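Here's the letter readout for the chains.
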Amino acid sequence: SAAEASADKRVNAFDERLASVEQSLVAVGSAAEASVHKRVGAFDERLVSMEQSLATMSSAAEASADKRVNAFDERLASVEQSLVAVGSAAEALVDTRVGAFDE
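Residues numbered from 1 in each chain as written. Predicted model: local features only at pLDDT ≥ 70, side-chain atom pairs only at ≥ 80, totals over all residues. Heavy atoms only, no water.

(A) Representation of the overall build of the chain in the model. Regarding its fold elements, the chain presents 1 helix and 0 strands. In terms of overall dimensions, the chain is more spread out than a globule: its C-alpha atoms have a radius of gyration of 44 Å, far above the 13 Å expected for 103 residues. For the chain, the spread of C-alpha atoms along the three principal axes comes to 150 × 10 × 5 Å. Residues counted as buried form 0% of the 103 residues belonging to the chain. Just so you have it, the chain exposes about 9300 Å², and 61% of that area is on carbon and sulfur atoms. Averaging the coordinates of the 10 positive side-chain charges in the chain and doing the same for the 18 negative ones gives two points 16 Å apart. (Helix = DSSP H or I, 4+ residues; strand = E, 2+ residues; numbered from the N terminus. Rg over C-alpha atoms; globule rule 2.2 N^0.38 Å. Buried < 20%, exposed > 50% of the residue type's maximum accessible area, 1.4 Å probe, protein only. Areas by Shrake-Rupley, 256 points an atom, 1.4 Å probe, with all protein chains shown as cover. Lys, Arg positive; Asp, Glu negative; His and termini not counted. Charge placed at Lys NZ, Arg CZ, Asp CG, Glu CD.)

What follows is the structure, encoded as structure tokens:
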């Protein structure tokens, strides 16, 4: 009987320690899960921020490229107009000289 009582007491103490270890493991698991969720959330936020930055940079680069292409088009149109004017002036000069030669 005394041995049985001692064995029961030891088994109960073991059960209590086991329950305590189980509770500690549950607490550690919950803390680890919360930490992982927090880190994943922070990573998602940084990823969204980076995506927005890239979209902004892409839009800015596109706008800059459009601006440069438009400026090039304007210069090209100006050069074309100058060439037309030079061609017309040269043609008029030739006509004048040919007319003078014919007279």
